[in-house]
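Spelled out, the chains give:
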Amino acid sequence: MVRDLAALFHLAARNVFRNPRRSLLVVLTVAAGAGSLFLFDGFNTGILNQYREGTIHSRFGHGELNTAGYREQVFEKPWEHWIQDPTPIMDKLKTLPGVQHVFPRIGFFALLTKGGISLSGRGQGIDGAEEAKFFTKLRISDGVTLSDQPDGILLGQGLAHSLGAKPGDTVTVLANTIYGSINGADLTVVGIFLTGTKEFDDSGFRIPLSVAQTLLDTKSIESIALGLNTLEDWDPVSKAIAGPGSGLEATPFAVLDKVFYQNAVDWLSSQFQIIKYIIFFIVILGIFSTVSTSVLERKEEVGNLRANGESRLNVLSLFLAEGALLGFAGAFLGLALVLIFNNTVLANGFVMPPSPGLTRSFRVFVELQPSSALETFFLGSACALVGTAIAAVKVVRLSIGEALRAI
Amino acid sequence: MDKVEPLFQCKNLAFHYPLGTVEVPALHALDLTLSPGQMTCFAGPSGSGKSTLLRILGLIEPIQTGDVLYRGTSLKGLSEKQKNQIRRTELGFIFQHFVLFDTLTAVENVEYFLKHRGFSAKEKRERALNALNAVGLGAQARQRPRQMSGGQRQRVAIARALAKDPRVIIADEPTASLDQATGQQIMSLLSELGKTQGVTVVLASHDPMAMSFAQQIVRLKDGHLQAVESRSKLTVAPAAHVAPRTEEAPWCAI
């Protein structure tokens, strides 16, 4: 069987050089298809990775911990469902493999006042010094990020603009304590951030956790955001800390940012699948068209093969072997060209305009994936096989007499 | 005289080609017997049915009406697998346009159809070279068809048919693509090989030169059998599957 296959591919390899121009056309067709798929997959991966890293390193970390059931409903007194004693939990988290940073947080609503302007805002009390080390994608458009300033406030760009505030200005933050009384703090604007999510930029602000806890008169925290070594660490960490009976639940960033991140991932993935099928169809059609001519020219050869005892399957196998060789060559060429193109022309990436829901453009790098290379190689080769099979099967199915009537 | 078992027996054989909704008759209720060990030529003008008859005997066209017996066994109703087996082992084919693989050398062309016969690579190569030597092309074994003349290519095609050690060689207009001199050489070779190798040669041709080599001429016109002319001058060497004939007789119409 091995010898037969070797003989088959030996003849097939000779046959592909019978008409070099036509074979080159098939190879280039497959190369264009495989290369396009590989490049587009890399582009998609680059965008999704950008999205992901942006989401993780600007707002949510790899995910957040809350008390069990906290995110499933809206509470009249949410602070009663906060993490009352966060210290043991945070201490335990810091010992888990994969955990790089632990960020205690409080979320609350408040009124911000500057001059004669008062606006409502959505605040976060954070450990500024710790968060500054991890949330590096939070773009600061003016001033500096909130770190260890004891009475600093970081405003969203839209909110700052509406208040007419800039770094150095004083803003008064008024909030209800958990007991219902009103509390206030005068804070100094240290910087203005821009996440690109308009909804957040127009109402969000950040203050030190200790100031937030004083403002709300509580020692508890609403959530703990996590910064991990890798994305793969999320599952074991969340299982270790928020398993059954722990009273905690862990929510990954993809769910926290479902509207933008997860929906964007799903949408782009679906789009890629559709484009993949379109490319397949075009490549198969191109190959079918080219190979059909070749097969028709070889009708009497097919007749001769059949007359001398070759079965239909034998004859089809010969054409398929030729298609496979051209497919392999084309797919390999396509991948190689894209690799070279990406490392030269696209080495510095390119700027993409803001995507839906965002307000800032970003630079994308095409991230070619080895797994995608393998998949694309086989899919490109498969296209060549399918195109060849469709073209060849009609002639192969002819009776010997019909095939030889060309003579 | 020992009775020789017929090689082919056609009984009430008819054939038509479909042309859209119309059926074009090619053969009409033909009865014919071919004996082994001789060269038979189907002769007639274009459209007489000679190639059709040849292809039916070669299991290239199906038996639509009537029957064909090969060595006493009916060929009608054989499965595709059975037909393949007969074509592989019993029949060798030679076509007008040679139909060689341009990308293979002469010896590779000859050994190509030996691959399903269970021979080792060495045996296949040996058979192929022997066949090429028999047709006088031993020195050109490594040349490709495009490096050869028309006559040489047809010799390679003959060698390819011979290498299978067939019982019958089916040749459809073997000299049509060749000049007169080359055609004569080819026919002479076929005739000689038929005698020395004990192979029955059945050919279709409209060329009087080709006909002159045949021991039996079957004349066809418009799908009807007109005449069977036999020349019983035997120079066939006895072979395992051929009964020796020693009578000499002039051409006579049967």
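1. Topic: the overall build of chain A
Summing up its helical and strand segments, chain A has 14 helices and twelve strands in all. The C-alpha atoms of chain A give 31 Å as radius of gyration, which overshoots the globular expectation for 407 residues (22 Å, by more than 25%). Oriented by its inertia axes, the alpha-carbon framework of chain A measures out at about 100 × 45 × 30 Å. Considering chain A as a whole, with its 407 residues, one finds that 51% of them fall into the buried category. Sequence separation of 24 or more characterises 78% of the internal contacts of chain A that already satisfy a separation of 6 or more.

2. A short note on the overall build of chain B
For chain B, the helix and strand inventory stands at seven helices and eleven strands. Burial status across chain B gives 54% buried among its 254 residues. Taking as baseline every contact in chain B between residues at least 6 positions apart, the subset at least 24 positions apart corresponds to 67%. Accessible surface, chain B as shown: approximately 11,100 Å² in total, 48% of it carbon and sulfur.

3. Some points on the nonpolar core
Of all hydrophobic cores here, the largest spans 44 residues; its most connected members are Leu93(A), Phe108(A), Leu155(A), Phe205(A) and Ile224(A). The element contributing the most residues to this core is strand β2 (residues 99-114) of chain A, with six residues. If we ignore the near neighbours within four places in the chain, the residues touching Ile224(A) are Gly63(A), Glu64(A), Leu65(A), Ile83(A), Ile89(A), Met90(A), Leu93(A), Val102(A), Phe103(A) and Pro104(A). Formed by 42 residues, the second largest nonpolar core is a distinct cluster that contains Ala43(B), Leu114(B), Ala131(B) and Met148(B).

4. Focus: the sheet that holds strand β4 (residues 65-70) of chain B
Residue and element names in this part refer to chain B. Strand order in the open sheet formed by four strands is β2-β1-β4-β5, and the pairing between neighbours is antiparallel. Sheet topology places β2 (22-34) and β5 (73-74) at the edges, where each strand pairs with a single neighbour. Relative to β5, β4 is paired through two bridges, and the arrangement is antiparallel. Bridge pairing links Leu69 to Ser74 in β5.

5. Describing the environment of Ser46(B)
All names here are of chain B. Tracing the backbone shows Ser46 in the loop between β3 (39-43) and α1 (50-57). Assessed through its relative accessible area of 73%, Ser46 is described here as exposed. With 175 residues separating them along the chain, Ser46 and Lys221 place their C-alpha atoms 8.8 Å apart.

6. Description of the interface of chain A and chain B
Taken together, the contacts link 23 residues of chain A with 27 residues of chain B. Taken together, both faces of the contact between chain A and chain B bury some 2,400 Å²; the carbon and sulfur share is 54%. In this structure, Lys115(B) and Glu310(A) form a salt bridge, with 3.0 Å as the shortest nitrogen-oxygen distance. The interface formed by chain A and chain B contains eleven residue pairs in polar contact (both at pLDDT 80 or more). Listed by contribution, the elements that provide at least two residues to the side of chain A that touches chain B are α1 (2-15), α11 (299-307), α12 (312-344) and α14 (400-404) of chain A. By residue number, the principal contributor to the side of chain A that touches chain B is α11(A), which donates six residues. Among the residues making up the side of chain A that touches chain B, the classes are represented as seven nonpolar, eight polar and eight charged.

7. Some points on the packing of helix α4 (residues 121-134) of chain B against helix α5 (residues 150-163) of chain B
All names here are of chain B. Where α4 meets α5, the closest approach of the two axes is 8 Å, and the angle between their N-to-C directions is 130°. With respect to each other, α4 and α5 are oriented oblique. With respect to the hand of their crossing, α4 and α5 are arranged in right-handed fashion. Counting all contacts with α4, which are made through Arg127, Ala131 and Leu132, the residues of α5 involved are Val156, Ala159 and Ala163. Along the lines of polarity and charge, the residues of the contact of α4 with α5 split into five nonpolar, no polar and one charged.

8. A closer look at the domain arrangement of chain A
Domain parsing of chain A yields domain 1 (2-55 + 262-404) and domain 2 (69-241). Centre-to-centre separation of domain 1 of chain A and domain 2 of chain A, based on C-alpha positions: 51 Å.

9. Notes on the packing of aromatic side chains
As enumerated under the stated definition, the model contains 18 aromatic pairs over all chains in all. Note on Phe193(A) and Phe200(A): the rings are 5.5 Å apart at their centroids and 35° apart in plane angle, and the pair reads as tilted. Note on accessibility: Phe193(A) and Phe200(A) belong to one class, buried. Between Phe93(B) and Phe95(B) the ring centres are 6.1 Å apart and the planes differ by 10°, which places this aromatic pair in the stacked class. Like Phe93(B), the residue Phe95(B) is buried in the burial classification. An aromatic cluster is built from Phe40(A), Phe43(A), Phe272(A) and Phe350(A), whose rings are joined through pairwise contacts. Lying over the aromatic face of Phe200(A), Arg59(A) brings its terminal NZ or CZ to 3.9 Å of the ring centre.

10. Here we look at the pairing of strand β8 (residues 200-205) of chain B
Residue and element names in this part refer to chain B. Most of β8 sits out of view: six of its six residues are buried. Residue alternation in β8 divides its side chains into two sets, Thr200, Val202 and Ala204 and Val201, Leu203 and Ser205, and both sets are buried. Inspection of the sheet shows β3 paired to β8 by five bridges, in the parallel sense. Bridge assignment links Thr40 to a residue of β8, and that residue is Val202. Pairing between strand β7 (residues 168-172) and β8: five bridges, direction parallel.

11. Digging into the layout of surface pockets
Residue and element names in this part refer to chain A. Quantified by volume, the largest pocket comes out at close to 1,200 Å³. Taken together, 39 residues line the largest pocket, and the ones lying closest to its centre are Arg71, Gly107, Phe109, Arg122 and Glu222. Looking at the lining of the largest pocket, the elements that each hand over two or more residues are α2 (20-60), β1 (63-67), β2, β3 (117-126), β6 (170-176), α6 (198-201), α9 (253-256) and α10 (258-297).

12. Digging into α4(B)
Residue and element names in this part refer to chain B. Spanning 14 residues, α4 covers 20 Å between terminal C-alpha atoms, matching the ideal 20 Å at 1.5 Å per step. Inspection of α4 places Lys124, Ala128, Ala131 and Leu132 among the buried residues, and these make up the whole buried set. Along α4, the residues classed as buried sweep out an arc of 100° about the axis, all on the same side. For α4, the elements touching its buried residues are α3 (106-112) and α5. At the exit of α4 stands Gly136, carrying a positive phi of roughly 80°.

13. Regarding the pattern of salt bridges
Evaluation of the coordinates by the stated rule reveals 24 salt bridges over all chains. Asp172(B) serves as the salt-bridge partner of Arg55(B), at 3.5 Å between the closest nitrogen and oxygen. Placement of Arg55(B) in helix α1 and of Asp172(B) in strand β7 is noted, with a sequence separation of 117 residues between them. The same class applies to Arg55(B) as to Asp172(B), namely buried. Residues joined in a network through salt bridges with shared partners are Glu64(A), Arg71(A), Arg105(A), Glu131(A) and Arg206(A).

14. Notes on the environment of Arg122(A)
All names here are of chain A. Summarising the element assignment, Arg122 is placed in strand β3. Between the C-alpha atoms of Arg122 and Phe109, which are 13 residues apart in sequence, the distance is 4.7 Å. In contact with Arg122, other than residues within four places in its own chain, are Phe108, Phe109, Ser203, Gly204 and Phe205.

Cut-offs and rules
Residues numbered from 1 in each chain as written. Chains lettered and ligands numbered in written order. Predicted model: local features only at pLDDT ≥ 70, side-chain atom pairs only at ≥ 80, totals over all residues. Heavy atoms only, no water. Helix = DSSP H or I, 4+ residues; strand = E, 2+ residues; numbered from the N terminus. Rg over C-alpha atoms; globule rule 2.2 N^0.38 Å. Buried < 20%, exposed > 50% of the residue type's maximum accessible area, 1.4 Å probe, protein only. Contact = heavy atoms within 4.5 Å. Areas by Shrake-Rupley, 256 points an atom, 1.4 Å probe, with all protein chains shown as cover. Core = buried A, V, L, I, M, F, W, Y, C linked by side-chain atoms within 4.5 Å. Pairing = 2+ DSSP bridges. Buried area = accessible area lost by both parts, 1.4 Å probe. Salt bridge = Lys/Arg side-chain N within 4 Å of Asp/Glu carboxyl O. Polar contact = N/O pair within 3.5 Å; in protein donor to acceptor, adjacent residues only side chain to side chain. Nonpolar A, V, L, I, M, F, W, Y, C, P; charged D, E, K, R; others polar. Axes fitted to C-alpha atoms, helices over the stretch in contact; angles between N-to-C directions. Parallel < 35°, antiparallel > 145°, perpendicular 65-115°, else oblique. Left-handed = near helix turned anticlockwise from the far one by under 90°. Domains from an automatic or database assignment. Phe/Tyr/Trp six-rings, centres within 6.5 Å; stacked < 30°, edge-to-face > 60°. Lys NZ or Arg CZ within 6 Å of the ring centre and 35° of its normal. 1 Å grid on protein atoms, 1.4 Å probe; cavity = no way out; pocket = protein on both sides within 12 Å on 5 of 7 lines; lining within 4 Å. Points joined across faces, edges and corners; volume = space filled by probe spheres on them. Expected span 1.5 Å × (residues − 1). Arc of directions from axis to C-beta.

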